[in-house]
Amino acid sequence: MTTTSPLKTSSSPTPAPPPAPAAKGRRLKIGAGQQLKGGPLTYVALAVVGLGSLFPLYWTLVAASHDQQRVLDSPPPFIPGGRLWSNIEAAWEQANLGKAIVNSVIVSTSITVATLFFCTLAGYAFAKMRFRGRGALMTAVIATLTIPPQLSVVPLFMMMSDIGWGGELESVIFPTLVGAFGVFFMRQYLIEALPYELIEAAKVDGASNFRIVWAVVLPVARPAMMVLGMLTFVQAWNDFFWPFLALSQENPTLQVALGQLSASYTPDQSIVMAGALISTLPLLIVFVVFGKQIVGGIMAGAVKG
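Residues numbered from 1 in each chain as written. Predicted model: local features only at pLDDT ≥ 70, side-chain atom pairs only at ≥ 80, totals over all residues. Heavy atoms only, no water.

Novice: An account of the overall build of the protein is needed here, citing residue identities and associated values.
Specialist: Within the protein, the regular secondary structure consists of 13 helices and 0 strands. The order of α-helices and β-strands along the protein, N terminus first, is α-α-α-α-α-α-α-α-α-α-α-α-α. Relative to all contacts within the protein whose residues are 6 or more apart in sequence, the contacts with residues 24 or more apart total 71%. Accessible surface for the protein amounts to roughly 20400 Å². Of this, 66% is attributable to carbon and sulfur atoms. (Helix = DSSP H or I, 4+ residues; strand = E, 2+ residues; numbered from the N terminus. Contact = heavy atoms within 4.5 Å. Areas by Shrake-Rupley, 256 points an atom, 1.4 Å probe, with all protein chains shown as cover.)

Shown next, in the form of structure tokens:
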């Protein structure tokens with residue numbers, strides 16, 4: 001006789017695992033759309049940095065609004081005076097700033113537009129097109145950044161003289177129509193920002209290379225182009241060394257004209273500061289007009305990186 005023992009079943013629920021011990025400290029998890037909140041020290045640091053950045057511009061305004069004797073006093077003035085317009089008029093007449101500003105606008109705008117066009121095309125070619133010798137050519141382009149610009153002054157000056165551009169604006173514009181930094185900058189941006197799928201889709205639709213560049217590459221590259229355009233315009237506007245050698249005193253850019261103000265034996269510092277204030281205003285206007293696009297381009301590049 002075989003006996004079987006019934007299985008013992010338990011109707012009680014399975015006990016839940018014990019709760020994890022509470023962490024002593026909590027880490028703030030930042031997700032999409034969330035922002036860090038700054039404390040009092042953050043605002044103090046931002047205020048110090050902002051005031052430190054604006055102080056040179058404010059001091060230029062103060063010095064330009066006083067006479068030479070008051071600027072050289074100890075302690076110097078820290079409140080604007082009443083000679084600003086007279087000093088601006090004197091600087092305008094002594095250095096022929098009207099023609100210098102027009103020349104600087106022509107030079108800076110031409111260099112900026114050409115740099116954006118050529119560097120975007122070259123950056124797209126190096127980033128997304130496959131051709132023989134691409135790596136060697138890109139290495140050669142980057143290697144030009146290691147060559148000091150002073151080494152090319154003499155042969156470049158001789159070349160411009162042989163062409164017949166000595167003392168003309170063309171001698172300043174054409175040597176800087178494209179730069180190695182701009183090509184490298186646009187290449188690095190387009191590698192991450194421009195997917196191959198967009199290019200292949202455009203080719204399937206029958207788009208030519210020019211159509212792809214116009215309808216696909218340029219819209220994607222617009223944020224980086226805004227940043228590169230700002231950097232190029234500021235560099236071209238503030239350039240002094242090569243325009244000083246290539247241009248004559250009768251046909252100067254703004255920085256060369258400002259150099260003429262301080263070239264005398266005892267230059268009037270208030271008039272020099274008035275000229276410097278005039279040269280700074282166009283850059284401020286450009287940043288005010290295009291500041292939102294420029295900052296957006298910088299932030300887009302930071303997110304891509």
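Next, the rest of the story.
Novice: Before we move on, can you summarise empty space enclosed by the protein with the specific residues and values?
Specialist: If a probe as big as a water molecule is rolled over the atoms, it shows which places are left empty. In the structure shown here, the tally under the stated rule is 1 cavity of 30 Å³ or more. There is about 40 Å³ of room inside the largest cavity. The wall of the largest cavity is formed by Phe157, Met160, Ser161, Trp165, Gly166, Gly167, Ser171, Trp242 and Ala246. Mapped onto the lining of the largest cavity, the elements with two or more residues apiece are helix H6 (153–163) and helix H11 (241–246). By residue number, the principal contributor to the lining of the largest cavity is H6, which donates 3 residues. Looking at the lining of the largest cavity residue by residue, the classes come out as 5 nonpolar, 4 polar and no charged. (1 Å grid on protein atoms, 1.4 Å probe; cavity = no way out; pocket = protein on both sides within 12 Å on 5 of 7 lines; lining within 4 Å. Points joined across faces, edges and corners; volume = space filled by probe spheres on them. Nonpolar A, V, L, I, M, F, W, Y, C, P; charged D, E, K, R; others polar.)

Novice: Any details on the nonpolar core? Residues and values, ideally.
Specialist: Counting residues in hydrophobic clusters, the biggest one holds 23 residues, and the most contacted among them are Tyr124, Val183, Met186, Leu190, Leu194, Ile212 and Val217. Of all the elements, helix H10 (residues 209–238) adds the most residues to this core, at 8 residues. Ile88, Ala95, Ile271 and Ile278 belong to the second-largest nonpolar core, a separate cluster that totals 20 residues. (Core = buried A, V, L, I, M, F, W, Y, C linked by side-chain atoms within 4.5 Å. Buried < 20%, exposed > 50% of the residue type's maximum accessible area, 1.4 Å probe, protein only.)

Novice: Hey, could you go over the packing of helix H8 (residues 180–193) against H10 for me, with residue numbers and the actual values?
Specialist: The N-to-C vectors of H8 and H10 enclose an angle of 145°; their axes lie 10 Å apart at closest approach. Crossing handedness for the pair H8 and H10: right-handed. For the pair H8 and H10, the contacting residues are Phe181, Gly182, Phe185, Met186, Tyr189, Leu190 and Ala193 in the first and Val217, Val220, Ala221, Pro223, Ala224, Met225, Val227, Leu228 and Leu231 in the second. For the contact of H8 with H10, the class distribution of residues is 15 nonpolar, 1 polar and no charged. (Axes fitted to C-alpha atoms, helices over the stretch in contact; angles between N-to-C directions. Left-handed = near helix turned anticlockwise from the far one by under 90°.)

Novice: I'd like a description of the packing of helix H4 (residues 97–128) against helix H12 (residues 254–261), backed by residues and values.
Specialist: One way to put it is that H4 packs onto H12 with a least axis distance of 8 Å and a crossing angle of 150°. The angle between the axes of H4 and H12 places the two elements in the roughly antiparallel class. Of the residues in H12, those touching H4 at Leu97, Ala100, Ile101 and Ser104 are Leu254, Ala257 and Leu258. Split into classes, the residues belonging to the contact of H4 with H12 amount to 6 nonpolar, 1 polar and no charged. (Parallel < 35°, antiparallel > 145°, perpendicular 65-115°, else oblique.)

Novice: Hey, could you go over the pattern of salt bridges for me, with residue numbers and the actual values?
Specialist: If you walk through the whole model with that rule in mind, you get 1 salt bridge. A salt bridge links aspartate 73 to arginine 70; the nearest nitrogen and oxygen atoms lie 3.5 Å apart. (Salt bridge = Lys/Arg side-chain N within 4 Å of Asp/Glu carboxyl O.)

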